[in-house]
Structures are given as structure tokens and as C-alpha cells.
Amino acid sequence: MLGKLFKYDMRALSRTLVPLHAAVLALVAMGCAAGFAGYAIGEDAALSDAGALLAALALATLFCLLALFASTVATFVLVLSRFYRNLFTDEGYLTLTLPVTANQVMLSKTLAGLLWVFMNVAVVGVGAALVSLATFGFAGTTVEDTLPYWMLSVSGGGFFGTLFGIGGWGSVVLGLVGTACQLVFGVLLAYLSLVLGARMAQRHKVAAGIGMYLLISWVIGLVGSVVGVAASAAAFSAGSPSIDYEAFSLFLRVAGCALTAGMSVACYALCVNLLKKAELA
């Protein structure tokens, strides 16, 4: 039965997300064309008075990149919209009376939602890399010069130059792992917030869910900041032995990923528990 639920959720999401990603691919093509045209004009010495054209092409390339990243937000919103409509509108009566468990319902929506979110991030990442390469004329540059590489390297703590013996890609690996953990947690926290909002509010349930999401995120961020500052202060206090800064930073990032994974499991378990109560109501 889980397979049928998953197929149904994927089909429902695909009705809106397939056209969205077709538009994303069109944006990638437009961005590559604008970036490559700007590179070609800039390299052509005969076109000495092409400042306005170069500016227009640069703006077009920037617009395509911004639109690519905006599609990730759109995908996230559409996944959440599907989750809410299928459980807490008129569709919810049918969903919660099917001969399936709350865990199967939640697992199906989690797998379908995360699959589309990860596909979007992969498409956007590859697309942004292609647009970045196009601005260099697809020559004399490598993936390490692209925007996605830089973003992942920074998120992974770009100073891990020798991590795993693979040079700067060590930071990218950490960035990928951290990003994956954050995506899973983000989706499950949003699911939990919508479930709590629907359970707690009689009216304006979506607004209540958004409020819960902001509140929980703020509390988690505050607690994380306090714990991080306390751990850093303890590690670098005068009485502590000398430690390797890179090793300590790596430890914090790995611990952060583990904590994020644990919170994701907690969000999932709470959602299942609340949905079981909704079935009994």
C-alpha cells in the first residue's frame, strides 16, 4: 500500500513540478546563452562600444541565476501545499480514512517531497554551474570556478583544503552533507509546523503553521548559538590545551549534522503521532 500512496503523491506533485522544472531548464538555456554572448562580445576587440549590451547581458544572466534559486523556494512551497491540502482540507477526510497507517501516509509524503526537493537542488546546482561556465566561454575554467562550487565550499568551511586528501573538494563534500541534512530537516520541520497549526487552530491554520515554523526555527537557532558559543569558549579558554582549529571546526560541523539528523527523526515521529490522534478524532 505504501507503494500506491507514494505513486499517488508523486503523480500529484508532478502535475505542477514537472512544468516548473521545464521552465528551470529553459532558464538554464537562457542564462548560458546570455553568459556566453557576453563572454564573446567582451573578447571581441572590434566591439569596443558594447558597454550597454554587455550590461544587458550581465543583467539577463543574473536574472536567470536568481530565478533558478527562486525555483527551489517554489518547489518547497508546492511540496508543503500538497502536504497540507491532502491532509487538512476536504481531501484529508479521504486520506485519513484509507486502510493505511499514519506512518505509511507520513513516509509516502516525506519520500515524495524530499525526492522532488533533492531533484530541484540537483537541477538548479548543475544549471547554475553551466551558466557560470558559460560566462567564461566554457574554456579556460573548471567546475571549481563556478558559483555552486563556491557556495558549497563556503557552507562546508572553505578552510578544509586538505580534508580527505582531495583538496578543496573536501569542503564541498562537507557542504553537500550539511545541505542534505538541512533540506531533510527543513521539510520535516515544515510538515510538523503545519500539523501543529492544523491541530491547534480552528481558523487560519496555515498562518498558525507558519507561525509555529518561525517560532520553532527561532528557538532552535537561539539554542544552537548559545551551545556553539559555550563550546567554543570552553575549547579555547586559557586553561584548555592547544587544539587544532580545523579539527575542532570539523567536529562542530559533524556534530551539527548529527544533531540535525536527530531533530529530523524527532519531527517525523511527532508528525506520525499527531496524525494517529487525528485518525482517532
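This report concerns the structure included in the present document. (Residues numbered from 1 in each chain as written. Predicted model: local features only at pLDDT ≥ 70, side-chain atom pairs only at ≥ 80, totals over all residues. Heavy atoms only, no water.)

1. Here we look at the overall build of the protein chain
Rules: To qualify as a helix, a DSSP run of H or I must reach at least 4 residues; to qualify as a strand, a run of E must reach at least 2; elements of each kind are numbered from the N terminus. A simple rule labels every residue: compare its accessible area, found with a 1.4 Å probe on the protein chains alone, to the largest value its type can have, and call it buried under 20%, exposed over 50%, or partly exposed in between. Contact definition: two residues touch when any of their heavy atoms are within 4.5 Å. Each accessible area is a Shrake-Rupley estimate made with a 1.4 Å probe; only the visible protein chains count as cover when residues are assessed.
Across its full length, the protein chain carries eight helices and zero strands. Each helix and strand of the protein chain, placed in order from N terminus to C terminus, yields the pattern α-α-α-α-α-α-α-α. With 281 residues in all, the protein chain has 37% of them scored as buried. Restricting the contact set of the protein chain to residue pairs at least 6 apart, pairs at least 24 apart contribute 70%. Carbon and sulfur atoms provide 73% of the accessible area of the protein chain, an area that totals close to 15200 Å².

2. Some details on a positive patch on the surface
Just so we agree on the cut-off: Surface patches are defined over residues having more than 30% relative accessible area and no salt bridge, joining like charges when they lie within 9 Å and nonpolar side chains (Val, Leu, Ile, Met, Phe, Trp, Tyr) when within 5 Å. Throughout this description, the term salt bridge denotes a Lys or Arg side-chain nitrogen within 4 Å of a carboxyl oxygen of Asp or Glu. The positive count covers Lys and Arg only, the negative count covers Asp and Glu only, and His and the chain ends enter neither. By convention, the point assigned to a charge is CZ for Arg, NZ for Lys, CD for Glu and CG for Asp.
A cluster of like positive charges, contributed by Lys-4, Lys-7, Arg-11 and Arg-15, occupies part of the molecular surface. Turning to its location among the elements, Lys-4 is positioned in helix H1 (residues 2–43).

3. As for empty space enclosed by the protein
Over the atoms, a rolling probe the size of a water molecule traces out where space has been left empty. Convention followed: Lining residues are defined by having an atom within 4 Å of a point belonging to a cavity or pocket. Those points lie on a 1 Å grid over the protein atoms alone, cavities being sets where a 1.4 Å probe fits but cannot get out and pockets being open sets with protein on both sides within 12 Å along at least five of seven lines. Grid points are joined across faces, edges and corners, and a volume is the space filled by probe spheres set on the points. Charged residues are taken to be Asp, Glu, Lys and Arg, nonpolar residues to be Ala, Val, Leu, Ile, Met, Phe, Trp, Tyr, Cys and Pro, and polar residues to be all remaining types, Gly included.
Taken as a whole and assessed by the stated rule, the structure comprises one cavity of 30 Å³ or more. Asp-9, Leu-13, Val-79, Arg-82, Phe-83, Lys-109, Ala-112, Gly-113 and Tyr-191 together form the lining of the largest cavity. Mapped onto the lining of the largest cavity, the elements with two or more residues apiece are H1, helix H2 (51–88) and helix H4 (102–134). Residue classes in the lining of the largest cavity are distributed as five nonpolar, one polar and three charged.

4. A look at the side chain of Ser-71
Note the threshold: For the purposes of these results, a polar contact is taken to be a pair of N or O atoms within 3.5 Å, where, inside protein, one atom must be able to donate a hydrogen and its partner to accept one; residues adjacent in sequence count only when each atom of the pair is a side-chain atom.
Relative to the helices and strands, Ser-71 resides in helix H2. Ser-71 gets classed as buried once you look at its relative accessible area, which sits at 5%. Among the polar contacts listed, one links the side chain of Ser-71 to the side chain of Asn-120, at a separation of 3.4 Å. Contacts of Ser-71, omitting those with residues within four sequence positions, involve Leu-20, Val-24, Asn-120 and Val-124.

5. Here's the deal with the environment of Met-10
Relative to the assigned elements, Met-10 resides in helix H1. Residue class for Met-10 comes out buried when judged on its relative accessible area of 15%. When the C-alpha atoms of Met-10 and Gly-113 are compared, they prove to be 8.2 Å apart, with 103 residues separating the residues in sequence. Residue contacts for Met-10: discarding those within four places in its chain leaves Ala-112, Leu-115 and Trp-116.

6. With respect to the nonpolar core
Stated precisely, the cut-off is as follows: Throughout, nonpolar core names a set of buried Ala, Val, Leu, Ile, Met, Phe, Trp, Tyr and Cys residues whose side chains join them through atoms within 4.5 Å.
In this structure, Phe-83, Phe-88, Met-106 and Tyr-191 are the most contacted members of the largest nonpolar core, which totals 39 residues. Mapped onto this core, the elements with two or more residues apiece are H1, H2, H4, helix H6 (169–200), helix H7 (205–235) and helix H8 (245–280). Counting residues per element, this core draws most heavily on H6, which supplies 12 residues. If we ignore the near neighbours within four places in the chain, the residues touching Phe-83 are Phe-88, Met-106, Lys-109, Tyr-191, Leu-194 and Val-195. Counting residues in each nonpolar core, the second largest holds 11 residues, with Val-24, Leu-27, Cys-64 and Val-131 among its members.

7. Here we look at the side chain of Arg-82
Mapped onto the elements of the fold, Arg-82 is located in helix H2. Once residues within four sequence positions are removed from consideration, Arg-82 is found in contact with Tyr-8, Asp-9, Ala-12, Leu-13, Glu-91 and Lys-109.

8. Observations regarding the packing of aromatic side chains
Counted only if it meets this: Pairing of aromatic side chains here covers Phe, Tyr and the six-membered ring of Trp, requires ring centres within 6.5 Å, and sorts the geometry by plane angle: under 30 degrees stacked, over 60 edge-to-face, intermediate tilted.
A full pass over the atoms with the stated rule returns three aromatic pairs. For the pair Phe-83 and Tyr-191, a centre-to-centre distance of 4.0 Å together with 10° between the ring planes defines the contact as stacked. Here Phe-83, found in helix H2, pairs with Tyr-191, found in helix H6; they are 108 residues apart in sequence, far enough to count as distant. The pair Phe-83 / Tyr-191 is uniform in exposure class, with both members buried. Where Tyr-84 meets Phe-88, the ring centres are 5.8 Å apart and the plane angle is 45°; that geometry is what we call tilted. Linking Tyr-84 with Phe-88, this pair stays in helix H2, spanning four residues, or about one helical turn. Residue Tyr-84 shares its accessibility class with Phe-88, and that shared class is buried.

9. Some points on the environment of Leu-274
You can see Leu-274 is positioned in helix H8. Placed 79 residues apart in sequence, Leu-274 and Val-195 show a C-alpha to C-alpha distance of 7.3 Å. Setting aside residues no more than four positions away along its own chain, Leu-274 makes contact with Leu-192, Val-195, Leu-196 and Arg-199.

10. Observations concerning a nonpolar patch on the surface
A contiguous nonpolar surface patch, about 660 Å² in accessible area, is contributed by Leu-215, Trp-218, Val-219, Leu-222, Val-223, Val-226 and Val-227. On the secondary structure map, Trp-218 appears in helix H7. With a relative accessible area of 55%, Trp-218 lands in the exposed category.

11. Focus on the pattern of salt bridges
Charged atoms that come close allow side chains of opposite charge to pair. Scanning all chains against the criterion turns up two salt bridges. Here Arg-82 ties to Asp-9 by a salt bridge, and the two come within 3.0 Å at their closest N and O atoms. With Arg-82 in helix H2 and Asp-9 in helix H1, the pair connects residues that are 73 residues apart, well separated along the chain. Asp-9 gets classed as buried once you look at its relative accessible area, which sits at 4%. The closest approach of N and O atoms between Asp-9 and Lys-109, which form a salt bridge, is 3.0 Å. With Asp-9 in helix H1 and Lys-109 in helix H4, this residue pair connects regions lying 100 residues apart in the sequence. Owing to a relative accessible area of 5%, Lys-109 belongs among the buried residues under this scheme. If you follow the salt bridges from partner to partner, you end up with Asp-9, Arg-82 and Lys-109 in one network.

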